[in-house]
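For reference, the chains in residue letters:
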Amino acid sequence: MADTVLGTVFAELLKVVTNVISKSLKYETELEKLKSTLESITPLIQEIETLNIALNIPVQQTAKLKEELIKGTELVRKCSEVKCSCFKRVNYSDKLIKLNQSVERICRVDMLTQLIRDNKKILAEENKQTEMIKDNKKILEQVEERGVNMQTDNKKILVRVNATLSILRRNEMVGGNRGEIDELCSVPEPPEITPGLDASLEELRKELVKDNGMQVIVVTAPGGYGKTTLVKKLCTDDEVKDKFKENIFFVTVSKTPDVKFIIQRILQHMKKEVPTFQTEEAAINDLERFLKSIRQKAILLVLDDVWSESLVQKFKFNLPNYKILVTSRSVFPQFSSGHKLKPLNDEAAMILFRSSVTPQDGKLTYFNENLANKILRVCKGSPLALTVVGKFLCGEPAAVWQSKVKEWDRGESIFISGTELLICLQSSLNALDDKVKECYLDLGSFPQDQWTPLTALIDMWIELHEWVEDSLSAIKYLHELSKRNLVNLVIARKHASDDHFFMHHDILRDLIVYQSMSEPIEQTKRLIIDISGNQFPKWWSEQKQNPIHARLLSISTDETFSSGWYELNAPEVEVIVLNVRTNKYALPNFMCNMSKLKVVIVSNIYGFLPAELSNFSLLGSDIVSNLKRIRLEHVSIPSFDVQMKNLQKISLFMCNVGQAFTNSNCQISDSFPNLLEFEIDYCNDLEELPGGLCDIVSLKKLKITECFKLSTLPEEIGKLVKLEELRLASCTALKELPEMVTKLSKLKLIDISGCLSITKLPTQIGKLCSLEMLGMGGCSSFELPKSIENLERLKLVK
């Protein structure tokens, strides 16, 4: 019989803690931490209790947690009643700290129970499973049949579950939507407030649920008119979901689509084997065969933000109950006139504007109906313009409203010849603080409709702008841009900059490019170039320009680009961003003439496989001697046979790096003799670190996360005498920390969270006299060595 008392016991402890805090300052710090822990796990407790009842989980599964909560309640009551001596105060403080840690640890066990049982449900519904998940099922059966205690065997299960979940997260990142929790082609949630769309929603719903009718339905409107919002809302409509059920595939296409990759995403979303297609035709044929295999069911394919009519034709198949819903800025004559989304009427526009200008707490500090009506006329019913302007005016005083309305009133002709939205949004851009504006304009270096990590921005901003000093200041500026609704921001964990991702809307990137290119090419501070095929801009291909003075250069190429570069005379460039889509990519030779180059970012965020990077050695040119930071995403590096004497930081994300370490003719310490930071994330072919890495005695930060094959660290790690941070999170095969780690006297942080194969810490870890933080999330199955008592500077253990 399920335990139904857990929630009551939990609520009593939270109540007692709250009461004691309000009546006494004793143990305030410890009790506040305990209260924060209890409040943060309240939803988990509720889910655990619901799951226990629904699945009839035995009482034993939560008995220990309940017992701990009861003891905790008595402990807190005693703390409030006893007049403590100094010794007793320390004693009770320690007990409260241990109670907090115990509750967190036990809850992780129950959460694991929930994860495993959910995993089992998924297993029961799937026809084909990977060998890893099959092993999970066997373990689950053993746990239930033998009545194995979860705390005893949870480590073995957790290793497998964690590895499975990590692979899923990594696959999502390959798809480009970093930071999103949803599956690759699932329907994103629409905004809560969507006024003015009811009529369009009803019309499109009728057309979609028809058994006959048009196979292709096109929703068309200028950028920012709410096309994507409409189709998101349509796909979550009950009648539409009832017809198409699980067979709704939502794909963001963008300006230069890769058909092979789109099809790979659809197949991966349906948990089918994903082949590497040699041709686009092969991919289309494979998709058609798959759709025919489920032809008895209704299928809806959503192609969002399509720029080419020919692309839609490629996804047309002669199948019953198969429909394609398209959004585009253009009208596609082959598919009739389509559904043209109109601007919002005054009533709907006012609802949306009022919602955008209202703070999250719902308390408007200022709102003027007359000024709002003038703003509505300026925005011309564009949802994006209304939202951006509303966010800009949110919380601002009357003087700001009046000033901006006068400014916009003077330009009644701003909505002219297709650029009206850009010009309207330009007013919001001009209102930004100069520093924030400069940071915002840099975002145009990255492609639209893709999640970009903040760490890439940090590398760029620190070298371009003296006011961005570290990751915290970068987070501040990104949050400011999010507040202005100029970017979408996803935060996985609030304390880590590498868990922040941003995305800017396509029309807002157009705004950035428009702003950056408003000056002559030779004078612009930012040069942002999008190359389709091998069609270079006329000014570049004709080589008529004078030397370019841009400090930031961004070049995006598509999958048909041949790496045949024209020369480019850009001696002032300090940051270059190369957005890659081909399987093989050669760095342009003109980079070796950029004497002021400090940052290189090469990102293959669209491709399904890592791009093979060549010409890497040119970065070792004597001319490029100021290079400080390199960030490579989803590329394959042949070797590190290059010398960069002044390089301070290298970041490798989802790269193939194994051969780079083994095939290099020179020691990695010779390649990067003065390196300060080395980051390796999601590099799935990394099995061991070269010992030569430990000869880079200047290294201060070493981060290796989500590298599932890494099993050992070199004993020579003790040579890194200046190392301050060692992050090894989620390296699930890593078995131990070498004893030589204890020689790192300047080490302030160790993070082995999720390293589930580690069973012990070095016996002499107490020698780390500078250690301040120890992260061991998910590693609670081993005892700490006695020497840990000597860590006098240790402030935080997670």
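Before reading further, recall that the structure is shown in the block above.
Residues numbered from 1 in each chain as written. Predicted model: local features only at pLDDT ≥ 70, side-chain atom pairs only at ≥ 80, totals over all residues. Heavy atoms only, no water.

Draft legend 1. Structural detail: a positive patch on the surface. On the surface, Lys700, Lys722, Lys746, Lys748, Arg793 and Lys795 cluster together into a patch of positive charge. Summarising the element assignment, Lys722 is placed in the loop between strand E19 (701–705) and strand E20 (725–727). Looking at Lys722, the relative accessible area reads 41%, which means it is partly exposed. (Patch = residues over 30% accessible without salt bridge, like charges linked within 9 Å, V, L, I, M, F, W, Y side chains within 5 Å. Areas by Shrake-Rupley, 256 points an atom, 1.4 Å probe, with all protein chains shown as cover. Salt bridge = Lys/Arg side-chain N within 4 Å of Asp/Glu carboxyl O. Lys, Arg positive; Asp, Glu negative; His and termini not counted. Charge placed at Lys NZ, Arg CZ, Asp CG, Glu CD. Helix = DSSP H or I, 4+ residues; strand = E, 2+ residues; numbered from the N terminus. Buried < 20%, exposed > 50% of the residue type's maximum accessible area, 1.4 Å probe, protein only.)

Draft legend 2. Summary view of helix H15 (residues 369–379). When H15 is considered as a whole, its buried residues turn out to be Leu371, Ala372, Ile375, Leu376, Val378 and Cys379. For H15, the arc enclosing every buried residue in end-on projection is 160°, short of the 170-degree limit, so these residues lie on one face. Facing away from the buried side of H15 by more than 90 degrees, the exposed set consists of Asn370 and Arg377. Structurally, the start of H15 carries an N-cap: the backbone nitrogen of Asn370 is 3.0 Å from a side-chain oxygen of Asn368. Positioned one or two residues after H15, Lys380 has a phi angle of 55°, which is positive. (Arc of directions from axis to C-beta. Polar contact = N/O pair within 3.5 Å; in protein donor to acceptor, adjacent residues only side chain to side chain.)

Draft legend 3. Looking closely at the pattern of salt bridges. Considering all chains together, one arrives at 28 salt bridges under this definition. In this structure, the salt-bridge partner of Glu559 is Arg581, at a minimum N-O distance of 3.7 Å. Here the residue Glu559 occupies a position in the loop between strand E10 (552–557) and strand E11 (575–579), and Arg581 occupies one in the loop between E11 and strand E12 (584–586), the gap between them amounting to 22 residues. Here Glu559 falls in the partly exposed class, since its relative accessible area comes to 31%. Residue classification places Arg581 among the buried positions, given a relative accessible area of 8%. Here Asp695 and Lys719 are joined by a salt bridge, their closest N and O atoms 3.2 Å apart. With a gap of 24 residues between them, Asp695 in the loop between strand E18 (677–681) and E19 and Lys719 in the loop between E19 and E20 connect regions that are remote in the sequence. One salt-bridge network, in which partners are shared between bridges, spans Asp459, Glu463, Lys628, Arg629, Lys649 and Glu679.

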